[in-house]
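Coordinates in review
Given next are the chains, with one letter for each unit.
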Amino acid sequence: MDKLLEVSGLNKSYEDFSLKEVSFSLPEGCIAGFIGKNGAGKTTTIKTILGLAEKDGGSVRIFGMDMETEEKQIKNRIGVVFDEGCFYEELTLEEMKCVIAPAYSSWCEEDFKGYLERFSLNPKQKIETLSKGMRLKYALALALSHKAELLVMDEPTSGLDPLIRNQLLDILKEFMEQGGRGVFFSTHITSDLDKIADMLILIDRGRIVFQAEKDDLLESYRIVKGDKGKLDEDTRKLFLSLEENAYGFVGITGQLDEVKERMPDIVIERPAVEDIMLAHVKKARRG
Ligand code: ATP
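Not measured: the values here are computed from a predicted model. (Residues numbered from 1 in each chain as written. Predicted model: local features only at pLDDT ≥ 70, side-chain atom pairs only at ≥ 80, totals over all residues. Heavy atoms only, no water.)

On to the site of the ligand, then. In the region of the ligand, the neighbouring residues are Tyr14, Phe17, Lys37, Asn38, Gly39, Ala40, Gly41, Lys42, Thr43, Thr44, Glu155 and His188. In this structure, an oxygen atom belonging to the ligand sits 3.1 Å away from a main-chain N or O atom of Ala40. When isolated, the ligand has an accessible area of 640 Å², and the protein chains bury 58% of it. Broken down by class, the residue content of the shell around the ligand amounts to 3 nonpolar, 6 polar and 3 charged. (Near = heavy atom within 4 Å. Polar contact = N/O pair within 3.5 Å; in protein donor to acceptor, adjacent residues only side chain to side chain. Areas by Shrake-Rupley, 256 points an atom, 1.4 Å probe, with all protein chains shown as cover. Nonpolar A, V, L, I, M, F, W, Y, C, P; charged D, E, K, R; others polar.)

Rendered as structure tokens:
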């Protein structure tokens with residue numbers, strides 16, 4: 001499978017924060033969720049990938065091309081959606097489109113009109129009057145109207161109600177129906193990922209903690225609950241994270257067979273993406 005996006009050893013430092021050797025890749029045909037807590041470095045990574053923030057080191061290849069030398073050709077083929085949407089507020093949707101469309105060689109007016117209609121957006125409405133959900137839809141309409149092959153989105157679902165979030169997920173599925181495409185989107189609403197992501201990439205304090213296929217990840221871990229008396233120095237090591245209270249423990253393990261062997265009478269449950277994410281972050285912070 002070809003890689004649409006390849007990030008290697010990316011470094012970027014601000015005064016109080018830095019990305020440290022960030023590396024991951026996105027294969028064709030894949031929706032990747034870029035997850036991490038607030039301030040973990042998601043937006044900084046996305047901005048650095050897109051050249052909106054200058055990197056201090058590392059390389060970014062998109063469609064096999066180097067972002068440093070072939071930025072223009074690459075940007076022609078990607079759609080970008082930012083949480084806040086970088087628009088001129090006083091313009092109408094139609095006027096703003098006229099500013100953006102000429103930047104793309106394969107702009108498709110028919111697709112754009114189709115999306116506005118589908119999203120019930122009025123081209124004569126001013127951008128400053130759009131609600132958060134309408135803004136996202138408008139940003140999506142722009143991002144999807146130039147035959148993009150890769151969509152890069154920063155927190156597209158934050159602050160949206162479940163109905164609009166579901167609509168977005170449907171649009172992403174539709175976008176992926178045509179082969180050779182990919183979506184990379186950051187979020188901390190992990191329930192959206194349960195529904196749609198193929199791949200998960202976790203960042204914490206500027207470092208990539210893991211990149212894994214979602215189904216493999218969900219299969220590899222289990223939540224285990226049991227009596228505290230069953231924990232000892234050895235069994236504790238079988239858990240990625242462990243919480244204890246006066247009565248018992250709740251832990252996440254990637255070594256279920258061993259746990260079952262050593263600890264009878266436990267309750268086993270399937271974790272959600274969020275449980276696994278938090279367990280990994282806790283482990284990474286323990287060192
Ligand atoms: P959230 O989920 O809250 O959006 P995030 O994972 O996207 O968080 P970033 O926005 O990448 O996190 O921020 C990571 C850190 O980098 C934060 O501590 C932030 O204050 C810092 N940071 C981001 N941009 C700048 C900047 N231009 N100058 C200085 N520090 C910055």
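Quick look at the nonpolar core now. Membership of the largest hydrophobic core comes to 55 residues, with the highest contact counts inside it found for Phe87, Tyr138, Leu140, Leu172 and Val183. Apart from residues no more than four positions distant in its own chain, Leu140 is found in contact with Val81, Phe119, Met153, Leu168 and Ile171. (Core = buried A, V, L, I, M, F, W, Y, C linked by side-chain atoms within 4.5 Å. Buried < 20%, exposed > 50% of the residue type's maximum accessible area, 1.4 Å probe, protein only. Contact = heavy atoms within 4.5 Å.)

The pairing of strand S1 (residues 3–13) with strand S2 (residues 18–27) spans 7 bridges and is antiparallel. Bridge assignment links Lys3 to a residue of S2, and that residue is Pro27. In this structure, the hairpin formed by S1 and S2 is closed by a connection of 4 residues. (Pairing = 2+ DSSP bridges. Helix = DSSP H or I, 4+ residues; strand = E, 2+ residues; numbered from the N terminus.)

Enumeration according to the criterion identifies 8 aromatic pairs in this entry. Pairing Trp107 with Phe112 gives two aromatic rings, centres 5.5 Å apart and planes at 50°, and the pair type is tilted. Here Phe112 and Tyr138 contribute two aromatic rings whose centre-to-centre distance is 6.5 Å and whose plane-to-plane angle is 65°, an arrangement assigned as edge-to-face. Residue Phe112 is located in helix H4 (residues 109–118), and its partner Tyr138 is located in helix H5 (residues 132–143); the two are separated by 26 residues in the primary sequence. Here Phe112 falls in the buried class, since its relative accessible area comes to 1%. Aromatic rings pair up to connect Phe87, Trp107, Phe112 and Tyr138 into one cluster. (Phe/Tyr/Trp six-rings, centres within 6.5 Å; stacked < 30°, edge-to-face > 60°.)

This paragraph deals with H5. Over its 12 residues, H5 runs 16 Å from end to end, which matches the ideal 16 Å to within 8%, given 1.5 Å per residue. Buried residues of H5: Gly133, Arg135, Leu136, Lys137, Tyr138, Ala139, Leu140, Ala141, Leu142 and Ala143, and no others. Looking at the buried side of H5, the elements it contacts are strand S6 (78–82), helix H3 (93–100), H4, strand S7 (150–154) and helix H6 (162–177). (Expected span 1.5 Å × (residues − 1).)

Most of strand S3 (residues 30–35) sits inside the fold, with 6 of its 6 residues counted as buried. Residues Cys30, Ala32 and Phe34 point to one face of S3 and Ile31, Gly33 and Ile35 to the other, with burial holding for every one of them. Across 6 bridges, S3 lies against strand S8 (residues 182–187) in parallel orientation. Bridge pairing in S8 links Ile35 to Thr187. Pairing between S3 and strand S9 (residues 199–204): 4 bridges, direction parallel. By the bridge assignment, Ile35 is partnered in S9 with Leu202.

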